[in-house]
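Understanding the architecture of this molecule
Letter by letter, the chains look like this.
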Amino acid sequence: MENKDYILELENVSMKFGGLLAVNEVSFNLERGKILGVIGPNGAGKTTMFNTITGFYQGYTGTVKFNGASMNKKKVNERCKLGIARTFQVTRPFEKNTLLENVMVGSFYGQAKKPKMKECEEEAEELLEFVGLADKKDEYAMSLNVAQRKKLELARALSTKPSLLLLDEVIGGLNPTEVLEMMDVIKDINGRGVSILMIEHVMKAITGVSDSMVVINHGQKLIEGNPKEVMNDPEVIEAYLGSAARRDVHA
Ligand SMILES: Nc1ncnc2c1ncn2[C@@H]1O[C@H](COP(=O)(O)OP(=O)(O)OP(=O)(O)O)[C@@H](O)[C@H]1O
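Not measured: the values here are computed from a predicted model. (Residues numbered from 1 in each chain as written. Predicted model: local features only at pLDDT ≥ 70, side-chain atom pairs only at ≥ 80, totals over all residues.)

Overview of the overall build of the chain
On a plain count of helices and strands, the chain comes out with nine helices and ten strands. By the compact-globule yardstick of 18 Å for 251 residues, the chain fits well, its C-alpha radius of gyration being 18 Å. In terms of overall dimensions, the chain has a C-alpha envelope of 50 × 45 × 40 Å along the principal axes. (Helix = DSSP H or I, 4+ residues; strand = E, 2+ residues; numbered from the N terminus. Rg over C-alpha atoms; globule rule 2.2 N^0.38 Å.)

As structure tokens, this is what we get:
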């Protein structure tokens, strides 16, 4: 039997808010070094699932394993220091700080071994260069447009030196040129050896970068497979994605 190396394993993960089962017995694995795309309609439970992986929600049942070890008893900061980082759907930079300072905070507080301030600065500069914001390093975060804020969000997540990166809609809201740029950045991050789990509604983008995909619907896993299999699955197309998505995928 093939022995795959999984960086992330979800085993029957469920999360309830009162009577609402937002995530319902979800199981899947992410192979080390790969990109796994997560799609599903609004309210399907994708972000809630992210929050069980990062440890923001502790009240879930089932098991979240990272590098083969259960994370269930570990808090957000512990999981972060072990190598799990995320971006947020709604970006939350420190608006009145410079881009450099925003990224340095992540380096300083998010890494397992606290680096010296000078190292944080060098790392932050390198990351801003990597995401294409080097020329804005001394500007305030509040001066950025949507695409730039998303790139800053990525640099901040990377500053904690993750081996697993969770991306929550980093492509949504970008224009077509910015989408292509962001897809390249995501592939480059993956090229640095970072495994990626990403939620995205922009179908062309997520099918373009993902090695495999999981579809979540009403809190449950509907199907998983390679992007082509998933996007051609009649149940996914008709019952869930609908004709708008079909147009988007096949355009
Ligand atoms: N903190 C919360 N308290 C109560 N209900 C919540 C909470 N967070 C999410 N929910 C509910 O859980 C369900 C799943 O929400 P979630 O945000 O995880 O969906 P999603 O798939 O990420 O949606 P979207 O694509 O719109 O971001 C929804 O019905 C939502 O209203």
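Read on, since the account is not over.
Focus on the confidence of the model for the chain
With 94% of its residues at a pLDDT of 70 or more, the chain shows a mean pLDDT of 91. At the level of chain-chain contacts, confidence expressed as ipTM amounts to 0.96, with global pTM at 0.91. (pLDDT = per-residue confidence, 0-100.)

Considerations on unusual backbone geometry
One non-glycine residue with positive phi stands out, namely asparagine 12, at about 50°. Even without being a glycine, histidine 218 presents a positive backbone phi close to 50°. Here histidine 218 is to be found in the loop between strand S9 (212-217) and strand S10 (220-225). Classification of histidine 218 as partly exposed rests on a count of 14 C-beta atoms within 10 Å. (Buried ≥ 20, exposed ≤ 12 C-beta atoms within 10 Å, placed from the backbone.)

Let's talk about helix H1 (residues 46-54)
Summarising burial for H1: seven of the nine residues are buried, a large majority. Trailing H1 by a residue or two, glycine 55 shows a phi angle of about 95°, which is positive.

Some thoughts on the sheet that holds strand S4 (residues 61-66)
Here we have four strands laid out as an open sheet, ordered S2-S1-S4-S5, and antiparallel in their pairing. At either end of the open sheet lies a strand with only one pairing partner, and these are strand S2 (20-31) and strand S5 (69-70). Direction of pairing for strand S1 (residues 6-17) relative to S2: antiparallel, over a ladder of eight bridges. Each bridged residue has a counterpart across the sheet, and for leucine 10 the counterpart in S2 is phenylalanine 28. (Pairing = 2+ DSSP bridges.)

Notes on the site of the ligand
Lining the immediate environment of the ligand, one finds Phe17, Leu20, Ala22, Gly40, Asn42, Gly43, Ala44, Gly45, Lys46, Thr47 and Thr48. Looking at the shell around the ligand, the elements with two or more residues in it are S2 and H1. A total of three residues in the shell around the ligand trace back to one element, the largest contributor, which is H1. Residues that form the shell around the ligand fall into these classes: four nonpolar, six polar and one charged. (Near = placed C-beta within 6 Å. Nonpolar A, V, L, I, M, F, W, Y, C, P; charged D, E, K, R; others polar.)

Topic: the domain arrangement of the chain
The domain architecture assigned to the chain consists of domain 1 (1-83 + 162-226) and domain 2 (93-161). Here domain 1 and domain 2 have C-alpha centroids that lie 23 Å from each other. Counting residues at the interface gives eleven residues for domain 1 and 13 residues for domain 2. For the side of domain 1 that touches domain 2, the residue count by class is eight nonpolar, one polar and two charged. (Domains from an automatic or database assignment. Contact = placed C-beta atoms within 7 Å.)

Side note on helix H5 (residues 146-158)
Over its 13 residues, H5 runs 19 Å from end to end, which matches the ideal 18 Å to within 8%, given 1.5 Å per residue. For H5, the full list of buried residues reads Gln148, Arg149, Lys150, Lys151, Leu152, Glu153, Leu154, Ala155, Arg156, Ala157 and Leu158. Considering only its buried residues, H5 is in contact with strand S6 (84-86), helix H3 (99-110), helix H4 (117-131), strand S7 (164-168) and helix H6 (176-191). (Expected span 1.5 Å × (residues − 1).)

What to know about the sheet that holds S9
Think of a sheet as strands paired side by side through backbone hydrogen bonds, with each pair either parallel or antiparallel. One open sheet holds the six strands; their spatial order is S6-S7-S8-S3-S9-S10, and the pairing between them is mixed. For this open sheet the edge positions go to S6 and S10, each flanked by a neighbour on one side alone. Adjacent strand axes in the sheet meet at a mean angle of 20°, parallel and antiparallel pairs treated alike. With four bridges joining them, strand S3 (residues 35-39) and strand S8 (residues 195-199) adopt parallel strand pairing. Within S8, the residue paired with isoleucine 35 across the bridge is isoleucine 196. (Axes fitted to C-alpha atoms, helices over the stretch in contact; angles between N-to-C directions.)

Brief notes about the environment of phenylalanine 94
The topology assignment puts phenylalanine 94 in the loop between S6 and H3. Residue class for phenylalanine 94 comes out partly exposed when judged on the 14 C-beta atoms lying within 10 Å of it. C-alpha separation for the pair phenylalanine 94 and leucine 127, spaced 33 residues apart in sequence, amounts to 17 Å. With residues up to four places along the chain from it excluded, the contact list for phenylalanine 94 reads Glu101, Asn102 and Ala141.

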